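Residue-level listing of the chains:
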Amino acid sequence: MAFDYTEFIDNEYKDHKVYSMLAGMEKNGNRKKLLQKLADIEKTHSEFWQKYAPNHRPKVSNTYIRLLAFLRVFLGVTFVVKMLEKHEKTTMQKYIQIAEALGPGNPERN
Ligand SMILES: [Fe+2]
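Predicted, not measured: the structure shown is a model, and the values here were computed from it.

*Asks:* Even after reading the chapter, I still don't get the confidence of the model for the protein, so can you show me in this structure?
*Replies:* Low-pLDDT portions of the prediction should not be read for the details of their coordinates. Across the protein, the average pLDDT comes to 92, with 93% of residues at or above 70. Mean pLDDT values for the elements of the protein range from 90 in helix α4 (residues 77-102) up to 97 in helix α3 (residues 62-75).

Okay, here's the thing in structure tokens:
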């Protein structure tokens, strides 16, 4: 069973870009480091899925990034991070469903 991994690559890369944007806007040093660390983690997630679609180049809407920058300014960093965390939980559920569909021993699972 083959899956379209490009959606996963794009989603993880999008989260990487949002956390990078939040880190760039952050004035508090500790919070800035934490946001950059989260950006780095999301990049590794994107790179993980990239193995399954090596020719895909991740795409991120600049409008989406600007919208979240706007939300960051007017609603705060906590609001945006909670949005991203909620999205990450939903994404993890999809990954679990795929792992279950592939089953143990399936080479696509690793
Ligand atoms: Fe992620």
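*Asks:* Would you explain the environment of Glu88 in this entry?
*Replies:* Mapped onto the fold, Glu88 is located in helix α4. Its 16 C-beta neighbours within 10 Å are what place Glu88 among the partly exposed residues.

*Asks:* Would you explain the nonpolar core in this entry?
*Replies:* Across soluble globular proteins, nonpolar side chains have a tendency to be buried as a group. Ranked by size, the top nonpolar core spans seven residues in total: Val18, Tyr19, Leu22, Leu35, Leu38, Leu68 and Val80. Secondary structure elements with two or more residues in this core: α1 (6-25) and α2 (29-50). Those residues within four positions of Leu22 in sequence are excluded, and the remaining contacts are Leu35, Arg72, Val77 and Val80.

*Asks:* How should the packing of α1 against α2 be read in this particular structure?
*Replies:* In helix packing, the relevant descriptors are the interaxial angle and the interaxial distance, both defined with respect to the helix axes. For the pair α1 and α2, the least separation of the axes is 8 Å and the interaxial angle reads 165°. Here α1 lies roughly antiparallel to α2, going by the angle between them. Helix-helix and strand crossings are classified by hand; for α1 and α2 the assignment is left-handed. Of the residues in α2, those in contact with Phe8, Ile9, Glu12, Tyr13, Asp15, His16, Tyr19, Ser20, Leu22 and Ala23 of α1 are Lys32, Leu35, Gln36, Leu38, Ala39, Glu42, Lys43, His45, Ser46, Trp49 and Gln50.

*Asks:* Would you take a moment to explain α4 for this structure?
*Replies:* One full turn of an α-helix is made of 3.6 residues, so residues set three or four places apart face in the same direction. With 26 residues, α4 extends 37 Å from end C-alpha to end C-alpha; this agrees with the ideal 38 Å at 1.5 Å per step. Directly beyond the C-terminal end of α4, a positive phi value near 75° is found at Gly103.

Analysis parameters
Residue indices begin from 1 for each chain and proceed along its sequence in written order. Totals for whole chains, interfaces and linings use all residues, but because this is a predicted model, local features are given only for residues with pLDDT of at least 70 and pairs of side-chain atoms are given and counted only at 80 or more. Per-residue confidence from the predictor is reported as pLDDT, a score between 0 and 100. A helix here means a DSSP run of H or I that spans at least four residues, while a strand means a run of E at least two residues long, and both kinds are numbered starting from the N terminus. We call a residue exposed when 12 or fewer other C-beta atoms sit within 10 Å of its C-beta, buried when the count reaches 20 or more, and partly exposed for counts in between; the C-beta positions come from the backbone. Under the definition applied here, buried Ala, Val, Leu, Ile, Met, Phe, Trp, Tyr and Cys residues are grouped into a nonpolar core through C-beta atoms within 7 Å. C-beta atoms are placed from the backbone for every residue, and two residues are taken to be in contact when these atoms lie within 7 Å. Working convention: axes come from line fits to C-alpha atoms, limited for helices to the stretch in contact. Angles between N-to-C directions cover 0 to 180 degrees. Comment on the angle field: the value is read as roughly parallel under 35 degrees, roughly antiparallel over 145, roughly perpendicular from 65 to 115, and oblique elsewhere. Crossings are sorted by hand: turned counterclockwise from the far helix by less than a right angle, the near helix makes the crossing left-handed, and turned clockwise it makes it right-handed. Multiplying 1.5 Å by the helix residue count minus one yields the expected span of that helix.

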